[in-house]
Amino acid sequence: MKIKFFKNELLIAIVWSVFLSLITIIPYYIASTYTPKNMCFMGFFEGSFDQNSYLGWIKQGVVGNILFKNLYTVQEQSNNFFHPLFYLMGKFIKLINSNVTDGYHIFRIITGFLLLLLIYYFIRIFIEEKNRRLYSFILITISSGFGWLFSRELYEKLGKTFALMPIDLWITEGFTFFTVATRPIFIVSLALMLLIFYFFWISCKKNYWLYAFFAGIFSLLLTLIHPYDLVTVYTTLVIYIICDYINKKKLDINIIKNFLIVFLIALPALIYEYYIFNFAEVFKAWKDVNITISPNPYSYIIGYGLLIPFAIWGIFLTLKSAKTEKLLLLSWIFAVMVLTYLPFNFQRRFILGAQIPLCIFATEGIFAFSSYISSKKRIFNAKVILILLLLITLPSTFKFIFDNLNGVKKYYLNYNIYEDDFSAFEWINKNIKSPSNFISSFIIGMYLPGRTGNSVFVGHYHNTPNFSDKLDILNKFFNSKTADDFRTNVLKENSIDYLYYGQFEKNLGDFNPDNVKYLTVVYQISNVKIFKVIN
């Protein structure tokens, strides 16, 4: 039974993509209205610590560096980290002559729009009927699960007790809208995954190695940008090869050849990433503490809600029809199911993009369900059923935004700095050569690298090695009862060039840097002073 909704399919897809990309601006505007008096909003309503750390890399691209260093530590290190996305973003920001935060969001909006169009094109490979394609596209871009049924208090309690945390309330990479609304690194990584799958799939269909070559180039880029996702890609392709063998009762040499082309092209990047994160001390320390374990399995089931039973129905219908077009999608789902509970420290990283195959199969199940119900119960119109089912998947999408905005209001010091701090950042940008080493509070340390290109003693719970120990040293440093010998040793041993002293630092203790001879003021505004360390 065909259900006609739309006439101009492509126009609707473009308009929908533009609409979704632009409405992602709204949460940022609302968050900015929560900014207390005499403070400045720093540009993020979700994942402030992580997204500010991205700016620390991007700022190095702005100033022209190709190889980066970790600015969230003053530990001695070489510039040996290459990240093509952050380099490209830095060049883009310089080209449009923007500050790093605004440029970050302009880049996010543009790439988010392009990702949505790519998703729509990807859907066209697997769904023939126009109305189903558009329905699946809308489902992929705005749907979520049953997390909205959990209050913040219940969610936090269940998380602590049972590790039960519905993923549609906190895992941004698990849902397309959250991805487009927040992080360019997830946007570009997901786009690369889709391009790899598309070119690999078409290379197998057309038996032409050049398409596999393109898939290999995208694999190489993905390895350098977000290597976790390459694990998902390769696992998916291996499962696809196995499923194809079972289906054909023979091994397809063409598919094996294409897979080897993809793998071998990306191999140099894999070797490089392995070296960086296992032998470069600063990055190895980051890898060892960057633990992202999957929550209780029910967290995924609740988080995807109605999508799961309808996807199962869609998978059943696909297998029953003996069609093999969606075999790659099925392999993707199985890959995620396996990887999210293998003994890795980064299990939940593999969830990026999983909503796409899930929603494509769920669309088949939903259309079958609506047709069945409307044929049995004449009072139910199939269009109404489809719309109602779509609306049921929406509430958590809104709740994710509202919960994060409430966090901005409640924990405002994690999202805003004082106006004097903002002025001080501008002065540092113009007057202090980067990368110089700063010691400051943790909060200021979070912002300084991305806004000024300078290194900090402590500024991020993962990127700063020995983070907890550094915080203890910082608290002791700003305590007036601490002997000056301790401070001078900290400054000398860590090659500190400047002390940043504002309200956040005053909150750490009553140490007065004006009273010591080893510091001299080089900048001063009403509530902020910057001191140069005298050797």
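All values reported here derive from a predicted model rather than from experimental measurement.

Colleague: What should I look at first to understand the overall build of the protein in this one?
Modeller: When helices and strands are tallied, the protein shows 24 helices and seven strands. Reported as C-alpha extents along the three principal axes, the dimensions of the protein are approximately 85 × 50 × 45 Å. The buried share of the protein, reckoned over its 535 residues, is 56%. Restricting to contacts in the protein with at least 6 residues of sequence separation, those with at least 24 account for 71%. About 23700 Å² of surface is accessible on the protein, with carbon and sulfur atoms providing 63% of the total. In the protein, 49 side chains carry a positive charge and 33 a negative one; their mean positions are 11 Å apart.

Colleague: Got a minute to help me understand a nonpolar patch on the surface in this structure?
Modeller: A contiguous nonpolar patch, built from Tyr 208, Trp 209, Phe 213, Phe 214, Ile 217 and Leu 221 and spanning about 510 Å² of accessible area, is present on the exposed surface. For Phe 213, the position within the fold is in helix α10 (residues 209-225).

Colleague: Hey, could you run me through the sheet that holds strand β7 (residues 528-533) in this one?
Modeller: What links the strands of a sheet is backbone hydrogen bonding, and the strands pair in either a parallel or an antiparallel sense. The strand order β4-β3-β5-β7-β6 describes an open sheet built from five strands, whose pairing is mixed. Of all the strands in the sheet, just β4 (455-456) and β6 (519-525) have a single pairing partner and so form its edges. Where strand β3 (residues 437-439) meets β4, two bridges bridge the pair, whose relative direction is parallel. Following the sheet pairing, Asn 437 is matched in β4 by Ser 455.

Colleague: Please clarify how the packing of aromatic side chains should be interpreted in this entry.
Modeller: Here the distance between the centres and the angle between the planes together describe a pair of aromatic rings. Tallied over the full model, the rule gives 53 aromatic pairs. Ring geometry for Phe 200 versus Tyr 240: centroids 6.2 Å apart, planes at 80 degrees, classification edge-to-face. Residue Phe 200 is located in helix α9 (residues 184-206), and its partner Tyr 240 is located in helix α11 (residues 228-248); the two are separated by 40 residues in the primary sequence. A single burial state applies to Phe 200 and to Tyr 240, both of which are buried. Between the aromatic rings of Phe 442 and Phe 467, the centroid separation amounts to 5.3 Å while the plane-to-plane angle is 65 degrees, which identifies the pairing as edge-to-face.

Colleague: So what exactly am I meant to see when it comes to the packing of helix α1 (residues 9-23) against helix α5 (residues 100-126) here?
Modeller: To describe two helices that pack against each other, one gives the angle between their axes and the distance between the axes. It is the contact of α1 with α5, at a shortest axis distance of 9 Å, that shows an interaxial angle of 145 degrees. In the packing of α1 onto α5, the handedness of the crossing is right-handed. Mapping the contact onto sequence places Glu 9, Leu 10, Ala 13, Ile 14, Ser 17, Val 18, Leu 20, Ser 21 and Leu 22 in α1 and Ile 109, Gly 112, Phe 113, Leu 116, Leu 117, Tyr 120 and Arg 124 in α5. Counted by class, the contact of α1 with α5 contains 11 nonpolar, three polar and two charged residues.

Colleague: Help me out: how do you make sense of the environment of Ile 401 in this one?
Modeller: Summarising the element assignment, Ile 401 is placed in helix α19 (residues 395-410). Remark: the alpha-carbon pair of Ile 401 and Leu 169, spanning 232 residues in sequence, is separated by 8.8 Å. Those residues in contact with Ile 401 that sit more than four places away from it in its chain are Pro 27, Phe 45 and Phe 177.

Colleague: Please explain the pairing of β7 as it appears in this structure.
Modeller: In the case of a regular strand, side chains alternate between the two sheet surfaces. Counting buried residues in β7 gives five out of six residues, a clear majority hidden from the surface. Relative to β7, β6 is paired through six bridges, and the arrangement is antiparallel. Bridged to Leu 519 within β7 is Val 533. Where β6 folds back on β7, the antiparallel hairpin that results is connected by two residues.

Colleague: Can you walk me through unusual backbone geometry in this structure?
Modeller: Glycine aside, the phi torsion of most residues is negative, and most peptide linkages are trans. At the junction of Ser 434 and Pro 435, the peptide bond is cis and its omega measures out at 0 degrees in the coordinates. Mapping Pro 435 onto the fold places it in the loop between α20 (419-431) and β3. At Asn 97, a residue that is not glycine, the phi angle is positive and equals roughly 55 degrees. Along the chain, Asn 97 turns up in the loop between α4 (84-95) and α5. Backbone geometry at Lys 249 places phi at a positive 65 degrees, although glycine is not the residue there. Tracing the backbone shows Lys 249 in the loop between α11 and α12 (253-279).

Colleague: What is the right way to read the nonpolar core from this model?
Modeller: Ile 58, Phe 122, Leu 194, Phe 200, Trp 332 and Ile 356 are the most contacted members of the largest nonpolar core, which totals 122 residues. Considering each element in turn, this core owes the most residues, 18 residues, to α9. Of all hydrophobic cores here, the second largest spans 42 residues; its members include Phe 442, Met 446, Leu 474 and Leu 499.

Colleague: For this particular structure, what's the right way to read the confidence of the model for the protein?
Modeller: Any residue range with low pLDDT should be treated as having predicted coordinates unsuitable for detailed reading. Scored by pLDDT, the protein has a mean of 94; 97% of the residues are at 70 or more. Across residues 1-5, where pLDDT falls below 50, the model places 14 contacts with residues more than four positions away in sequence or in other chains.

Colleague: Would you take a moment to explain the layout of surface pockets for this structure?
Modeller: The rolling of a water-molecule-sized probe over the atoms marks out the regions of remaining empty space. Of the volumes computed, that of the second largest pocket is approximately 620 Å³. In terms of lining residues, the second largest pocket is bounded by 23 residues, among which Asn 99, Val 100, Thr 101, Asp 102 and Phe 422 are the most central. Residue assignment for the lining of the second largest pocket shows that the elements contributing at least two residues are α2 (25-33), α3 (48-62), α5 and α20. Among the residues making up the lining of the second largest pocket, the classes are represented as 11 nonpolar, six polar and six charged.

Colleague: When you look at helix α6 (residues 130-142) in this model, what are you seeing that I'm missing?
Modeller: Since the α-helix packs 3.6 residues into each turn, any two residues three or four apart lie on the same face. When the terminal C-alpha atoms of α6 are compared, their 19 Å separation across 13 residues agrees well with the 18 Å that a helix rising 1.5 Å per residue should span. Most of α6 sits inside the fold, with 12 of its 13 residues counted as buried. Inspection of α6 places Asn 131, Arg 132, Arg 133, Leu 134, Tyr 135, Ser 136, Phe 137, Ile 138, Leu 139, Ile 140, Thr 141 and Ile 142 among the buried residues, and these make up the whole buried set.

Colleague: Would you mind showing me how to read the packing of α20 against helix α21 (residues 442-452) here?
Modeller: Between α20 and α21, the least distance of the axes is 10 Å, while the angle of their chain directions is 40 degrees. Accordingly, the angle class assigned to the pair α20 and α21 is oblique. Taken as a pair, α20 and α21 cross one another with a handedness that is right-handed. Contact residues: α20 offers Asp 421, Phe 425, Ile 428 and Asn 429, while α21 offers Ile 444, Tyr 447, Leu 448, Arg 451 and Thr 452.

Conventions used here
- Here the residue numbers are simple positions, counted from 1 along each chain's written sequence.
- Residues qualify for local features only when their pLDDT is at least 70, as the model is predicted, and side-chain atom pairs are given and counted only at 80 or more; totals for whole chains, interfaces and linings, by contrast, use all residues.
- The basis for every side-chain value is the complete set of heavy atoms in the structure, and neither hydrogens nor water enter the calculation.
- Where helices and strands are cited, they refer to DSSP runs of H or I of at least four residues and of E of at least two residues respectively, numbered from the N terminus.
- With a 1.4 Å probe rolled over the protein chains alone, any residue whose accessible area is under 20% of its type maximum counts as buried; one over 50% counts as exposed, and the rest are partly exposed.
- Working rule for contacts: check all heavy atoms of both residues, and any pair within 4.5 Å makes them a contact.
- All accessible areas in this document rest on Shrake-Rupley with a 1.4 Å probe, and a residue is counted as covered only by the protein chains that are shown.
- Charge assignment: positive for Lys and Arg, negative for Asp and Glu; neither His nor the chain ends contribute.
- Taken as the charge location is NZ of Lys, CZ of Arg, CG of Asp or CD of Glu.
- Patch rule: a residue counts if its relative accessible area is over 30% and it has no salt bridge; like charges are joined within 9 Å, and nonpolar side chains (Val, Leu, Ile, Met, Phe, Trp, Tyr) within 5 Å.
- A side-chain nitrogen of Lys or Arg and a carboxyl oxygen of Asp or Glu constitute a salt bridge if their distance falls within 4 Å.
- The pairing criterion is simple: DSSP has to find at least two bridges between the two strands.
- By convention, a stacked pair of Phe, Tyr or Trp rings (six-membered ring in the case of Trp) has centres within 6.5 Å and planes under 30 degrees apart, an edge-to-face pair has planes over 60 apart, and any other such pair is tilted.
- Fitted lines through C-alpha atoms serve as axes, helices being fitted only where they are in contact, and the angles separating the N-to-C directions of these axes extend from 0 to 180 degrees.
- Here a crossing is called left-handed whenever its near helix is offset anticlockwise from the far helix by less than a right angle, and right-handed whenever the offset is clockwise.
- Lys, Arg, Asp and Glu make up the charged group, whereas Ala, Val, Leu, Ile, Met, Phe, Trp, Tyr, Cys and Pro make up the nonpolar group; the residues left over, Gly among them, are polar.
- To qualify as a nonpolar core, a set must consist of buried Ala, Val, Leu, Ile, Met, Phe, Trp, Tyr and Cys residues joined through side-chain atoms within 4.5 Å.
- A residue's pLDDT is the predictor's confidence in that residue, given on a scale from 0 to 100.
- Using protein atoms alone on a 1 Å grid, points that fit a 1.4 Å probe yet trap it form a cavity, whereas open point sets bounded by protein on both sides within 12 Å along at least five of seven lines form a pocket; residues with an atom within 4 Å of a point count as lining.
- Grid points are joined across faces, edges and corners, and a volume is the space filled by probe spheres set on the points.
- Here a helix's expected span is defined as the number of its residues, less one, multiplied by 1.5 Å.
- Orientation is classified from the angle alone, with under 35 degrees giving roughly parallel, over 145 giving roughly antiparallel, 65 to 115 giving roughly perpendicular, and any other angle giving oblique.

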